[in-house]
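# Secondary and tertiary structure notes
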Amino acid sequence: MEDLVQKRSNYADIAKAIAIFLVIVGHVRPDTHDVFAYKSLIYAFHMPLFFIISGMFVCAKREVYSFETWKNFLKKNFLILIIPFIIWGLIYMNFSYENFFIFLFGSRQAFLQVGTLTSLWFLPVLFLARILLEGLFHITHKLKWNLNTVTCIFMFIFWAIGILLPHHNSETEFGNFWCYDVAFVAAGFMLMGKIIKPLADKLSEFKLLPLLALLILFSVLFYFGFSLTRYREEFVLMCEGRYYLFFILNALNGSFAALIFSVLTNRFVGENKFIKYVGMNTMGIYLLHKNMLPDIINFISQFGFTFGFKSYPIMSSVIALLLSCIGVFVIKKTIPEIIGAKRS
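Presented here is an overview of the structure given in this document. Within every chain, residues take consecutive numbers counted from 1 along the sequence as written. For this predicted model, a pLDDT threshold of at least 70 governs which residues receive local features, and a threshold of 80 or more governs which side-chain atom pairs are given and counted, while totals over whole chains, interfaces and linings are taken from all residues. For side-chain calculations, the full set of non-hydrogen atoms in the structure is used, while hydrogens and water are omitted.

### Looking at the side chain of Thr140
- With respect to the helices and strands, the residue Thr140 is situated in helix α7 (residues 122-143).
- Here, residues are in contact when the closest pair of their heavy atoms is within 4.5 Å. In this structure Thr140 touches Trp145, Asn146, Leu147 and Val150, once residues within four positions along its chain are discounted. Helix and strand labels come from DSSP, where a helix needs a run of H or I of at least four residues and a strand needs a run of E of at least two; each type is numbered from the N terminus.

Below you can see the structure in the form of structure tokens.
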């Protein structure tokens, strides 16, 4: 079977490293207004950035689509995404048979009810989004449609479907199975990644001043859009809240700024081993870090440190990142399947 993911670009690993660090910072508990505002800024684009990068490396042109290719595709993604989803859900939940079946529903509300990681929503969403894209590419191949045209059109269609579907995310509701509404929004961002991949690859050829100008432009557009809405964390699942248009625009501007910053970092830093390791192991870090943060914060607080706006989330996030990398290293040497990795 043709690989789902094509050869990596170093700037993409840098962008994923940035994104996963922002995820960790975003999971620091907002004890102060400043930290809450910091989190709101991060939530405006960090998960869309993950989906955009994922879409940049999705295989859109298979020579043959058949029952066998679909079986292999589903098996591969089930092992990479759903098996870790189930394992880590079991590890963190208050286990009972009833809670296990509630957990399998896969909504954020279900995770809250059984006491497991709410951030696990990302795994079934990515699984469903990849199926949506694979189905779209299969139909495009069969009907001999123009792939670029289809990609552009369905990017907007997927966003519209995800936003217009009922979300059922109030305190009295139970969400949607595997957050399927979010999966449509995620699929739209993945198609955007597919669209911009050739342009992103060419950024490395740009001179420094044009790159800096683009970085400033998208950063200003992002912050301007964010400042108009101040929608806090209502887009934690990427399709809630009221400001749908602003969310899409802010997510794109923030993601484009992060990608350009990654290209600049690659130019000056090159292939840094630690950054590359973080970028290539975001799944494991994503699964490990969240439950470390309260203990890390409590431990450091015992030494009398007072955390301000900058040091409080950053210091604890750096420590969580380092410990998560150690944990990933150990897991990959022993049972890599639980973080969706292969045995070496």
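### Topic: the pattern of salt bridges
- One speaks of a salt bridge when a side-chain nitrogen belonging to Lys or Arg is within 4 Å of a carboxyl oxygen belonging to Asp or Glu. The full count for this structure, using the stated rule, is 4 salt bridges.
- Asp13 is the partner of Lys276 in a salt bridge, and the nearest nitrogen-oxygen pair spans 3.0 Å. Separated by 263 residues along the polypeptide, Lys276 in helix α12 (residues 273-280) and Asp13 in helix α1 (residues 10-26) bring together distant segments of the chain.
- Judged by its relative accessible area of 0%, Asp13 is buried.
- Here Lys197 makes a salt bridge to Asp201, at a shortest N to O gap of 2.7 Å. Here Asp201 and Lys197 lie together in helix α9 (residues 180-202), a separation of 4 residues that amounts to about one turn.
- Between buried and exposed lies partly exposed: a residue is buried under 20% and exposed over 50% of the maximum accessible area for its type, with that area taken using a 1.4 Å probe on protein chains only. Asp201 sits in the partly exposed class, given a relative accessible area of 29%.

### Observations concerning unusual backbone geometry
- At Lys144, a position not held by glycine, the phi torsion is positive, near 60°.
- If you trace the backbone, Lys144 turns up in the loop between α7 and α8 (147-164).
- Exposure remark for Lys144: the relative accessible area of 72% places this residue in the exposed category.
- Positive phi is not limited to glycine here, since Cys179 has a value of about 50°.

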